[in-house]
Every structure is written in C-alpha cells, then in structure tokens.
Amino acid sequence: MDRARYFVDSGGAGGRKGVKTIPTRWSGAKIKPWRIRGVSVRLEPKEVGQWSRLAVIGGLSLTFCLWILIGLWMVDFKPMPTMGLEQALNDQVQYIAGARNLLDTGKLETTVIYPSTLAQVTKTKILYVPGHYWVLAASFALFGVHFWSSILFSLLGFYSVVICLYLCGERLFGKKTALIAACLIMFFPFFLLFSLTAMAEMNVMASLLIAFTLFLYLPQKMRLFLAPVLAMVPVCFRETSLVVIFPMAAVIWSESFPQDRLKNTLKFLGSSLVLSLLVIKVFFGGRPDLIKANVFGSFNE
C-alpha cells in the first residue's frame, strides 16, 4: 500500500496540530480536504515529490523551446497586417511608443492618438494600465530597443503561463490533468502568435496565473492576508484580470472550516475589491474610457 501524510488541525486554541504518516490505498495526486467532528484532515500523497515535479517542468521547458524555434521558423511577420490581424496587433505601436517615452523621459505618455478617444477629456492618452509599458521599458533599458527586446517578455510570459498552469493543475487535479492542460495551452496557435509580438496578452495571462499559483502554494493561514495583494499584480496589466479573485475565493471557501467559510470568503472578496478600486482610481486614473471609445468611437473617426 502507498503511504500518505495527513494533516490534523482542530482549529481550536487547545487543539492538536501535527503531521502523521498512515498507510492508505489512496494514491492519486489530488488533494481533497474534509472535516470530521471539527477536525480538518487533508491527504497529501508522498509520491508527489520535488524531483518528479522538476523532471516534468524540465520536459515542458525543453518542449517549449523547441516549439518557439519552430514558430520563429514558420511565422512570416511581413504579411501579418494583411491577414486580418491588423485589429488584433495594432496596439503594439502605442505600447512601444509609451515604453520608449517612459525610458527616455521618465513619463508614461505616448504620441499615438486614437481618433475614437478624441471626444473624451482625459489626463493622458495612454489607453491601458501601465504594467506592460513598465515591462517593455525595462526590456529596452536592459537590452536596447529592437525586435527581440520587444518580444522577450512576451516569450517569458508564455513560458510562465505553461509552467504555472501545470503547477496549478497539479495542486488541484493531479499530474496527468496538469500535464494535459499545459500541453494544450502550449500548442494553442494564438498564444504562439501573441508571444512573438509586443502585445500585452501574454503578460496579462502570465501575471494572472503567477498570482494564482503563488496563492495556491501559500500556507493556508497567510492566504487571507496576502491574497488581496497578489490579486493586484494582474490588475496592473489589465483591470479585467481582477476576475482572479473568484477562483481564489473558491479555494478559500473549500479549505475553510464550515463555520468560517462565509466569513473568510467575504472578508477576502471585500478587501480585494476595495483595494483594487483604490489602485485603479488613484494610480491608473485619467485614461480614456475604452468602453466609450469602442461604442461611440465610430462617430468621431
């Protein structure tokens, strides 16, 4: 029989806490919590070891590098604007312009003006939250302004998405499911395309999955305090990335004691929403409204 560890935490001031090893026929990689008379019991298989995890990550890393080399060989960048992709890739211009201006002057501003935003009174012409501009500016400062430095962090973001998705899947569903998910997202054609551009999509996805992965592997007692801060990381790259708080809340709900579930979940959701709204309003305010630009922009062009 396999041996697995179980964690006992009664939750009370005088309760017993500890880690014990017991023989069990349960050998899956899925970690499933349950409660017996107020005692939290969670099985963690011994076979989920660091070395096997590193071996899988190493295999994914090698496959990723080969896939990127194949992509660079296959993709012809010249006809992209004439293949129906101009609307999907046109933001590269203002991303690079904003990053170069930030690098040269220290101010996050751009010389690119969208006609659809002319009717709006704003403090800046920057359309998006500044995360991706910061990343591009850092890449230009380190490696100079050229094609490879503009896509470097998109490639690193794509790699982070693959590895973090595997780690999340292993933690929640087991090794097999995690590996299948990581391979599926690695070979998704549009992810390969965006990883070879200066678009923000891969860094948005990477920031979201990095935050969720760190959350999953945090000690349970630290989650309520650090989760709202982690949720702010993807918000710096796209406001809609705040949706990461909902899977976080689901994990907090499932791994809390029944009497604490509602309290812990509402505490986390409330603090995350308040913090995110403050950050967006105070630090990222004054930008054109994208909804107004998309809905009413055609009247101004």
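Predicted model, so just to flag it, every value in this text is computed and none were measured.

1. Points about the packing of helix α8 (residues 201–217) against helix α10 (residues 245–254)
Working step 1: In the contact formed by α8 and α10, the axes pass within 10 Å of each other and the chain directions differ by 10°. Judged by the inter-axis angle, α8 sits roughly parallel to α10. Residue-level inspection shows Ala211, Phe212, Phe215 and Leu216 of α8 in contact with α10, the latter providing Pro247, Met248, Val251 and Ile252.
Working step 2: Class assignment for the residues of the contact of α8 with α10 results in 8 nonpolar, no polar and no charged.

2. A short note on the packing of aromatic side chains
Working step 1: Across all of its chains, the model carries 10 aromatic pairs by this definition.
Working step 2: Both rings, one in tyrosine 95 and one in tyrosine 128, keep their centres 5.5 Å apart while their planes meet at 25°; by these two values the pair is stacked. Of this pair, tyrosine 95 sits in helix α3 (residues 92–105) while tyrosine 128 sits in the loop between α3 and α4 (131–143), and the two are 33 residues apart along the sequence. Comparing tyrosine 95 with tyrosine 128, the two get one shared label, buried.
Working step 3: Judged by centre distance (6.2 Å) and plane angle (75°), the ring pair of phenylalanine 158 and phenylalanine 191 falls under edge-to-face. Residue phenylalanine 158 is found in helix α5 (residues 147–172), and its partner phenylalanine 191 is found in helix α7 (residues 189–195); the two are separated by 33 residues along the sequence. Of the two residues examined, phenylalanine 158 and phenylalanine 191, each falls in the buried class.
Working step 4: Through a chain of ring-to-ring contacts, three or more aromatic side chains come together here, namely Phe64, Phe158, Tyr159, Phe188, Phe190 and Phe191.
Working step 5: Looking at arginine 223, its charged tip hangs above the ring of phenylalanine 215, at a distance of 5.1 Å from the centre.

3. Some details on the pattern of salt bridges
Working step 1: Inspection of every chain in the model, using the stated rule, returns 5 salt bridges.
Working step 2: Salt-bridge contacts for arginine 53 lead to glutamate 170; the nearest nitrogen and oxygen are separated by 2.7 Å. Residue arginine 53 is located in helix α1 (residues 50–74), and its partner glutamate 170 is located in helix α5; the two are separated by 117 residues in the primary sequence.
Working step 3: According to the relative accessible area criterion, arginine 53 is partly exposed, its value standing at 23%.
Working step 4: Taking the relative accessible area as the measure of exposure, glutamate 170 reaches 3% and is therefore buried.
Working step 5: Here lysine 175 and glutamate 170 are joined by a salt bridge, their closest N and O atoms 3.4 Å apart.
Working step 6: Note on lysine 175: relative accessible area 24%, which makes it partly exposed.
Working step 7: Because the salt bridges share partners, they merge into one network encompassing Arg53, Glu170 and Lys175.

4. Looking at α5
Working step 1: The end-to-end C-alpha distance of α5, which contains 26 residues, comes to 38 Å, matching closely the 38 Å that a straight helix rising 1.5 Å per residue would cover.
Working step 2: A positive backbone phi angle near 110° is found at glycine 174, which sits one or two residues after α5.

5. A word on the confidence of the model for the protein
Working step 1: A residue-level look at the protein finds 75% of positions with pLDDT of 70 or above and a mean pLDDT of 77.
Working step 2: When the criterion is pLDDT under 50, residues 1–48 qualifies, and its contacts beyond four places in sequence or with other chains add up to 100 contacts.

6. A look at the environment of lysine 176
Working step 1: Along the chain, lysine 176 turns up in helix α6 (residues 175–186).
Working step 2: As for lysine 176 and tyrosine 166, which are separated by 10 residues in sequence, their C-alpha atoms are 9.5 Å apart.

About the criteria used
In this convention, every chain numbers its residues from 1, walking through the sequence in written order. Note on the predicted model: pLDDT of at least 70 is required for a residue's local features to be given, and 80 or more for side-chain atom pairs to be given and counted; whole-chain, interface and lining totals, by contrast, use all residues. Computation of side-chain values: all heavy atoms of the structure, hydrogens and water removed. To define axes, lines are fitted to C-alpha atoms, for helices over the stretch in contact only, and angles between the resulting N-to-C directions are given on a 0 to 180 degree scale. Labels follow the DSSP assignment, with helices taken as runs of H or I lasting at least four residues and strands as runs of E lasting at least two, numbered in each case from the N terminus. Roughly parallel here means an angle under 35 degrees, roughly antiparallel means over 145, roughly perpendicular means 65 to 115, and every remaining angle is called oblique. We call two residues in contact when some of their heavy atoms are within 4.5 Å. Gly is placed with the polar residues, together with every amino acid not listed as nonpolar (Ala, Val, Leu, Ile, Met, Phe, Trp, Tyr, Cys and Pro) or charged (Asp, Glu, Lys and Arg). Note on ring pairs: Phe, Tyr and Trp rings are taken, using the six-membered ring of Trp, and paired if centres are within 6.5 Å. Classes follow the plane angle, with under 30 degrees stacked, over 60 edge-to-face and the rest tilted. Under the scheme applied here, a residue whose accessible area is under 20% of the maximum for its type counts as buried, over 50% as exposed, and between as partly exposed, the area being computed with a 1.4 Å probe on protein chains only. Distance and angle both matter: a charge sits over a ring if NZ of Lys or CZ of Arg is within 6 Å of the ring centre and within 35 degrees of the ring normal. We count a salt bridge whenever a side-chain nitrogen from Lys or Arg sits within 4 Å of a carboxyl oxygen from Asp or Glu. Residue count minus one, scaled by 1.5 Å, sets the expected span of a helix. A residue's pLDDT is simply how confident the predictor is in it, with values from 0 to 100.

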